Every structure is written in structure tokens, then in C-alpha cells.
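Examination of the molecular architecture
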Amino acid sequence: MSVVSNGSERPRIGITTYLEPATWGIWHREAALVPRVYLDAIAAAGGTPLLLPPVGTDPSVLGLLDGLVIAGGCDVDPGQYGATPHPETVDTRPDRDLHETVLIREALDRELPLLAVCRGLQVLNVALGGTLQQHLPDVVAHDGHRPAPAEFGRVDVKIEPGTLTARILGDRATGSCYHHQALDVVAPALKVTARADDGTVEAAEVEGKPFALGVQWHPEETPEDLRLFTALIRSNR
């Protein structure tokens, strides 16, 4: 189990990061980064964000944390689930896939509270034996989940009653989305808890775990609604 914060400490929430080219001052170098909106959401919900870069992965570090967020990002490498790349699968990071898979499995073993966002839900599904639809417009016949480069769409989701997702968000939710991949074959350990009107899986939970939840939308992009981050942080108190 994780180290539980006492009343005078803010829960420590690990969040996975990217390795990407970055610029600061006169420097142009590869850096570990994650959009600030994630950090602000964790802090606003009462936690302290700690960055987990895909370098020197050590799953034992989770013993120092009170929760884990798997952040969104680029496409999951289809080789992770035995598929041939689709022509639209053009930006993958196998090292990050492996890093996050190791952390997810360790978090589940420890029953560390886990929130997986967008790509994070996809990695969670693949880590547990599921597969992905590599280009969602082939299935739903529209681009609403990724309307234009760097432009978030809006998705309405219907949530299954009696689930952790429903206890946090109620029977429906609306969120910002930006993805062209989605869950296809759902891993046996996952229970689908929300779908979009077009059938896309929008949330899933790991059965038998106190708090292991993934959502396909980006809750960090709605700063006025911190319910998912707040629930993650409070779940270990």
C-alpha cells in the first residue's frame, strides 16, 4: 500500500511525463514535460504533483506516493497489442508505453489510487490485455473526438449507474476530448462504465480495485470541475 499522508501534508500524486524537444531561454533540448493544466488540477484538488519521467523507471517509487495519474499524449505503439500500424498511427513512443505499463501494473498490485487520462486509459487497457481501435473515424464516421489539430472537441457521455464513475460524476458528464484512438477489445479486468453517444468507450474501471479509473476525455481541461482529481486524492485518506 502507499504511504498515506497525515492531516498536515498534501497527498503526493505522481504524474507521468513526456520526453519531447523543448525550448527555454537560449536552449533547445529534449526535456521531460507535461502540460501545466494537469499540475494545476492536482494542486487545486489538494495534492502535490510529482513528475515521473520515462527514464530510469523504478516501480518501487510508487511506495512514496498517494496516487498516480497517467497523462494523455501520443498514440500507443500498436506493437504493444500485436497489431500492424494504421496509416494514421504516426507518432508513437514505445519507451513511454513500457514506462507507463510498468507503473500501472505496480499501482494495481499496490492498490494505489490510479487515474488514467485519454492515452492513459488506452495504455491501461493494453497493459491488461486489451486492444485499441487505431483510427476512430473509421468506426464512428466523424472527426468529433479530434476536430482539428490542437483543437479540443466536446463529448457527452452516459455513465453506468452503481459504478465508481457514477459516484463521482453522476449519470452523465461532458468533457473536452482530443484523440483518434480508442478502446477496441476491452481487457477482461476492465469494466466499461461510460460511453459516448456514438458508442466510444469513455470510461472504464479495473474490477476489484478500490480506485483504478480511466477516462477517454481530458478532465484537466475543465478547471471548474475537479471532481475526478479530488476523488483520486481523497480516496486514500
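For clarity, every value in this text was computed on a predicted model and none was experimentally measured.

Rules used throughout
- Residue positions are counted from 1 within each chain, in the order its sequence is given.
- Local features in a predicted model are, by the rule used here, given only for residues with pLDDT of at least 70; side-chain atom pairs are given and counted only at 80 or more, and totals for whole chains, interfaces and linings are based on all residues.
- Calculated side-chain values reflect all of the structure's heavy atoms, with hydrogen atoms and water omitted.
- Only the contacting stretch of a helix is used when fitting its axis, a line to C-alpha atoms as for every element, and angles between N-to-C directions run 0 to 180 degrees.
- Helix and strand assignments follow DSSP, with helices taken as H or I runs no shorter than four residues and strands as E runs no shorter than two, numbered in order from the N terminus.
- Each angle receives one of four descriptions, namely roughly parallel if under 35 degrees, roughly antiparallel if over 145, roughly perpendicular if within 65 to 115, and oblique otherwise.
- Two residues form a contact once any of their heavy atoms are found within 4.5 Å.
- Gly is put with the polar residues, along with every residue not named as nonpolar or charged; the nonpolar set is Ala, Val, Leu, Ile, Met, Phe, Trp, Tyr, Cys and Pro, and the charged set is Asp, Glu, Lys and Arg.
- Pairing of N or O atoms within 3.5 Å defines a polar contact, subject to two protein rules: one partner must be a possible hydrogen donor and the other a possible acceptor, and residues neighboring in sequence count only if both atoms are side-chain atoms.
- The rule for a salt bridge is simple: a side-chain nitrogen of Lys or Arg has to be within 4 Å of a carboxyl oxygen of Asp or Glu.
- To sort residues, take the accessible area from a 1.4 Å probe on protein chains only and compare it with the maximum for the residue type: under 20% means buried, over 50% means exposed, and anything in between is partly exposed.

At a minimum axis separation of 9 Å, helix α2 (residues 94-110) and helix α3 (residues 119-127) run at an interaxial angle of 70 degrees. Considered as vectors, α2 and α3 are oriented roughly perpendicular to each other. The residues of α3 that touch α2, namely those facing R96, D97, E100, T101, I104, R105 and L108, are R119, V123, L124 and A127. Among the residues forming the contact of α2 with α3, the class breakdown is five nonpolar, one polar and five charged.

With that out of the way, let us pick up the side chain of T165. With respect to the secondary-structure elements, T165 resides in helix α5 (residues 164-169). For T165, the side chain forms a polar contact with the side chain of T193, separated by 2.8 Å. A polar atom in the side chain of T165 sits 2.6 Å from the side chain of E205. Setting aside residues up to four positions removed in sequence, T165 forms contacts with I159, G170, T193, A203, E205 and L213.

Here we take up the pattern of salt bridges. According to the stated counting rule, one finds 11 salt bridges in the structure shown. For E100, the salt bridge goes to R119, with nearest N and O atoms at 3.2 Å. Residue E100 is located in helix α2, and its partner R119 is located in helix α3; the two are separated by 19 residues in the primary sequence. A relative accessible area of 0% means that E100 is categorised as buried.

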